[in-house]
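# Commentary on secondary and tertiary structure
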Amino acid sequence: MRRDMIATILDTAARERLSRIALVSPARSQQIETVLLRMAQTGQLRGKVTESQLIGLLEQMEDAQSKTSTKKTTIVYQRRRDFDDDDDDF
């Protein structure tokens, strides 16, 4: 039922983009679907959502998520020292 409602809300290009997002991040796809369904139920959507409108929605969600989350991603490099290191051969 959920997929049928999403199919009526999105045009084909937007549906393909959402399915590609689902391959990478299923939880994110569920979140996007929930937002789209809620917008459709409250009458905020007029006609089918195009791919460009979906991209705009994704950008808005990303901006809202980045404002609420102050967690900064860091990368730590841990280098192993081998016992057979060439620098020690004098």
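Look a little higher up for the structure.
The sections below set out a description of the structure shown in this document. (Residues numbered from 1 in each chain as written. Predicted model: local features only at pLDDT ≥ 70, side-chain atom pairs only at ≥ 80, totals over all residues. Heavy atoms only, no water.)

### Regarding the overall build of the protein
The condition that has to hold: By definition, any uninterrupted DSSP run of H or I lasting at least four residues is a helix, any uninterrupted run of E lasting at least two residues is a strand, and each is numbered from the N terminus. The rule is simple: take the accessible area with a 1.4 Å probe, protein chains only, and divide by the maximum for that residue type; under 20% is buried, over 50% is exposed, in between is partly exposed. Contact between two residues is taken to exist if any of their heavy atoms lie within 4.5 Å; hydrogens are not considered.
Helix and strand counts for the protein come out as 4 helices and 0 strands. Order of helices (α) and strands (β) in the protein, N terminus to C terminus: α-α-α-α. Counting all 90 residues of the protein, 21% fall into the buried class. Counted over contacts in the protein with a minimum sequence separation of 6, partners at least 24 positions apart contribute 71%.

### Remarks on the nonpolar core
Let me state the cut-off plainly: Among the buried residues, those of types Ala, Val, Leu, Ile, Met, Phe, Trp, Tyr and Cys that are joined through side-chain atoms within 4.5 Å form a nonpolar core.
Of all hydrophobic cores here, the largest spans 16 residues; its most connected members are L10, I32, L36, L54 and L57. Elements with a minimum of two residues in this core: helix 1 (2-9), helix 2 (12-24), helix 3 (26-41) and helix 4 (51-68). The element contributing the most residues to this core is helix 3, with 5 residues. Sequence-distant contacts of L36, defined by excluding residues within four places in its chain, comprise I6, I9, L10, L45, V49, L54 and L57.

### Describing the pattern of salt bridges
What counts here: By definition here, a salt bridge exists when the distance from a side-chain nitrogen of Lys or Arg to a carboxyl oxygen of Asp or Glu is within 4 Å.
Taken as a whole, this structure holds 4 salt bridges when the rule is applied. As a salt-bridge pair, R28 and E62 come within 3.4 Å of each other at their nearest N and O atoms. With a gap of 34 residues between them, R28 in helix 3 and E62 in helix 4 connect regions that are remote in the sequence. The network of salt bridges with common partners includes R2, R3 and E33.

### Comments concerning the side chain of E33
Mapped onto the elements of the fold, E33 is located in helix 3. With residues up to four places along the chain from it excluded, the contact list for E33 reads R2, R3, I6 and L18.

### A word on the packing of helix 2 against helix 4
Just so we agree on the cut-off: Each axis is a line fitted through C-alpha atoms, and for a helix only the stretch in contact is used; angles between axes span 0 to 180 degrees, taken between their N-to-C directions. Our angle categories are set so that under 35 degrees counts as roughly parallel, over 145 as roughly antiparallel, 65 to 115 as roughly perpendicular, and the remainder as oblique. Gly is placed with the polar residues, together with every amino acid not listed as nonpolar (Ala, Val, Leu, Ile, Met, Phe, Trp, Tyr, Cys and Pro) or charged (Asp, Glu, Lys and Arg).
At a minimum axis separation of 7 Å, helix 2 and helix 4 run at an interaxial angle of 40 degrees. By the angle class used here, helix 2 and helix 4 are oblique. On the side of helix 2, the interface is formed by A13, A14, R17, L18, R20 and I21, while helix 4 contributes E51, L54, I55 and L58. Taken together, the residues of the contact of helix 2 with helix 4 sort by class into 7 nonpolar, no polar and 3 charged.

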